[in-house]
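Observations on chain architecture
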Amino acid sequence: MSSVLHYIQKRELGSRFREEKIFIREKLASDKQLYKKDLLAHFGCVNAVEFSGEGSLLVSGGDDRRVLLWQLDEAITDKGNYSPITMEAEHRSNIFCLGFDSGNTRLYSGGNDEQVIVHDMNTRQPLDYFPHEEPVYGLSVHPTNHNLFLTACSDGRVLLYDLRQRVGEDPIMLAGFSHAFHAVAFNPMEPRLVVTANQKHGIGLWDVRKPERVVLEYGSMGGRQQTSMYVRWNMTGDRILGLRRRLPPVLYRIEKPGAVAQFDHPGYYNSCTMKSCCFGGPNDEYVLSGSDDFNLYMWAGPIMCCRDTGVLSTRSGTIIAGGSLPVVGWRRW
């Protein structure tokens, strides 16, 4: 594609989806810097951000304990007057994780105050509160059933909640260890499968039909699992991207415990703060992660890591965003 005008012409002729993917792919492959705009509304560190499924909405939360909802087209084009929608219910401490339901009707937030709050996006009012015994580090909403969500907890448990359950009914404990779970995610194509990141046991695959029995553990080194702080599926649910402390991001195929790729850069380092990682690009051509050097790094390579050729080590990352504080929370759009 030679120009933005060419893309617009093709879009008007009805081939928007294909041309949009081509435009984004070529832009990511050629541009040295991507468009950036500061969205200013929080009063403290922003620990969690999530995009809605179709990309028109963004939810954010952090140390100011508020859940903010952004209309991205308005927020990006505004000249200074735009304000996000604030949910009425505030947490009592730092927010660590957020989620949308599949219909963009509810928001889910969890954090250091040992609870998950479910918010109505239209009325901004809280729909329900789910108390936990210790802080909630991660959550995942079922991709098709908005009544179901998972939480990853400081007490070493992964819990499956159902909004339809009776008052006083306990959630299902999908996993239980003596060390904290930092992240959890439903498989986008096969939601019965769940991937987790644990402080001691690393990345694990679980089946909701068989609680408390890990299906597969990834990334063992010398018989010991690697500590993990975050994990993410690709769009097709057959690749897993994990983030490890003091180690580069790592890629796995769902069916094999050994890594197929890891992504590093001379300036990249991950030690001081909890961070996240994600796939990027129209077909998950890239992986991204924040770094202790205040930059966001992007690497190319996941699509080519499909053959049994050993672990591919990529050390040619690209810095696509920089700042004055560590990049701890970010998401794909």
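An account of the accompanying structure is given in this report. Every value quoted in this text rests on a predicted model; they were computed, and no experiment measured them.

What follows concerns the nonpolar core. If you look at the biggest cluster of nonpolar residues, it comprises 28 residues, and the most contacted ones within it are Val 195, Ile 203, Tyr 218, Val 231, Trp 233 and Ile 240. When residues in this core are grouped by element, the largest group, 4 residues, is from strand β17 (residues 228-233). Every residue in contact with Ile 203, bar those within four places of it in the chain, is listed here: Val 195, Thr 196, Leu 216, Glu 217, Tyr 218, Gln 225, Ser 228, Val 231, Ile 240, Gly 242 and Tyr 252. One finds Cys 97, Tyr 108, Phe 130 and Tyr 161 within the second-largest nonpolar core, a separate group that totals 13 residues.

Bringing unusual backbone geometry into the picture now. Glycine aside, residues mostly have negative phi angles, and peptide bonds mostly take the trans form. Positive phi, close to 55 degrees, is recorded for Asn 104, a residue that is not glycine. Along the polypeptide, Asn 104 turns up in the loop between β5 (95-100) and β6 (106-111). Unlike most non-glycine residues, Phe 294 shows phi in positive territory, near 75 degrees. By relative accessible area, Phe 294 is classed as partly exposed at 32%.

Before going further, it helps to spend a moment on the pattern of salt bridges. A side chain of one charge can pair with a side chain of the opposite charge if their charged atoms are brought near each other. Scanning all chains against the criterion turns up 13 salt bridges. Close ionic contact of Glu 190 with Arg 192 constitutes a salt bridge, the shortest N to O distance being 3.4 Å. Here Glu 190 falls in the partly exposed class, since its relative accessible area comes to 35%. By relative accessible area, which is 30% here, Arg 192 ends up partly exposed. A single salt-bridge network, built from bridges that share partners, covers Glu 190, Arg 192, Asp 207 and Arg 209.

A word on the pairing of strand β22 (residues 286-290). For β22, the buried fraction is high: 5 of the 5 residues fall into the buried class. Residues Tyr 286, Leu 288 and Gly 290 line one face of β22 and the alternating positions Val 287 and Ser 289 line the opposite face, and both faces are buried. Across 4 bridges, the pairing between strand β21 (residues 277-280) and β22 is antiparallel. In the strand pairing of β22, Phe 279 is matched with Val 287. In this antiparallel pair of consecutive strands, β21 and β22, the connection spans 5 residues, and Gly 281 shows a positive phi of 95 degrees. Relative to strand β23 (residues 295-300), β22 runs antiparallel, the two being bridged by 5 bridges. Each residue of the ladder has a partner; that of Ser 289, found in β23, is Tyr 297. Between β22 and the antiparallel strand that follows it, β23, lie 4 residues; Phe 294 among them carries a positive phi value of about 75 degrees.

We now examine the pairing of strand β9 (residues 136-141). Across the 6 residues of β9, 5 count as buried, placing the element largely inside the fold. The pairing of β9 with strand β10 (residues 148-153) spans 5 bridges and is antiparallel. What sits directly across from Ser 140, in β10, is Leu 150. A loop of 6 residues connects β9 with β10, the two strands running antiparallel in sequence.

Applying the stated criterion across every chain, the model contains 13 aromatic pairs. Pairing Phe 96 with Tyr 137 gives two aromatic rings, centres 5.7 Å apart and planes at 50 degrees, and the pair type is tilted. You can see Phe 96 sitting in strand β5 and its partner Tyr 137 sitting in strand β9, a full 41 residues away along the chain. Tyr 137 sits in the partly exposed class, given a relative accessible area of 27%. When the ring of Phe 177 is compared with that of Phe 181, the centres are 5.6 Å apart and the planes differ by 20 degrees; the resulting orientation is stacked. Given a relative accessible area of 24%, Phe 177 falls into the partly exposed group. Note on Phe 181: relative accessible area 0%, which makes it buried. Of the aromatic side chains, those joined through ring pairs into one cluster are Tyr 108, Phe 130, Phe 149 and Tyr 161.

This model, assessed by the stated rule, comprises 0 disulfides. The thiol of Cys 277 is unpaired, and the distance to the nearest cysteine sulfur, on Cys 278, comes to 7.5 Å. Under the relative-accessibility criterion, Cys 278 is labelled buried at 4%.

This brings us to the environment of His 182. Relative to the elements of secondary structure, His 182 occurs in strand β13 (residues 181-186). Sequence-distant contacts of His 182, that is, excluding residues within four places in its chain, are made with Tyr 137, Gly 138, Ala 152, Ala 197, Gln 199, Ser 228, Met 229 and Met 274.

The 4 strands are arranged β13-β14-β15-β16 in an open sheet whose pairing can be described as antiparallel. Lying at the two open borders of the sheet, with one neighbouring strand each, are β13 and β16 (214-218). Recorded for the sheet is a direction-independent mean angle of 20 degrees between the axes of neighbouring strands. Where strand β14 (residues 193-198) and strand β15 (residues 202-207) come together, 6 bridges link them in antiparallel fashion. Considered in β15, the bridge of Val 194 is made with Trp 206.

Conventions used here
Residues numbered from 1 in each chain as written. Predicted model: local features only at pLDDT ≥ 70, side-chain atom pairs only at ≥ 80, totals over all residues. Heavy atoms only, no water. Core = buried A, V, L, I, M, F, W, Y, C linked by side-chain atoms within 4.5 Å. Buried < 20%, exposed > 50% of the residue type's maximum accessible area, 1.4 Å probe, protein only. Helix = DSSP H or I, 4+ residues; strand = E, 2+ residues; numbered from the N terminus. Contact = heavy atoms within 4.5 Å. Salt bridge = Lys/Arg side-chain N within 4 Å of Asp/Glu carboxyl O. Pairing = 2+ DSSP bridges. Phe/Tyr/Trp six-rings, centres within 6.5 Å; stacked < 30°, edge-to-face > 60°. Disulfide = S-S within 2.5 Å. Axes fitted to C-alpha atoms, helices over the stretch in contact; angles between N-to-C directions.

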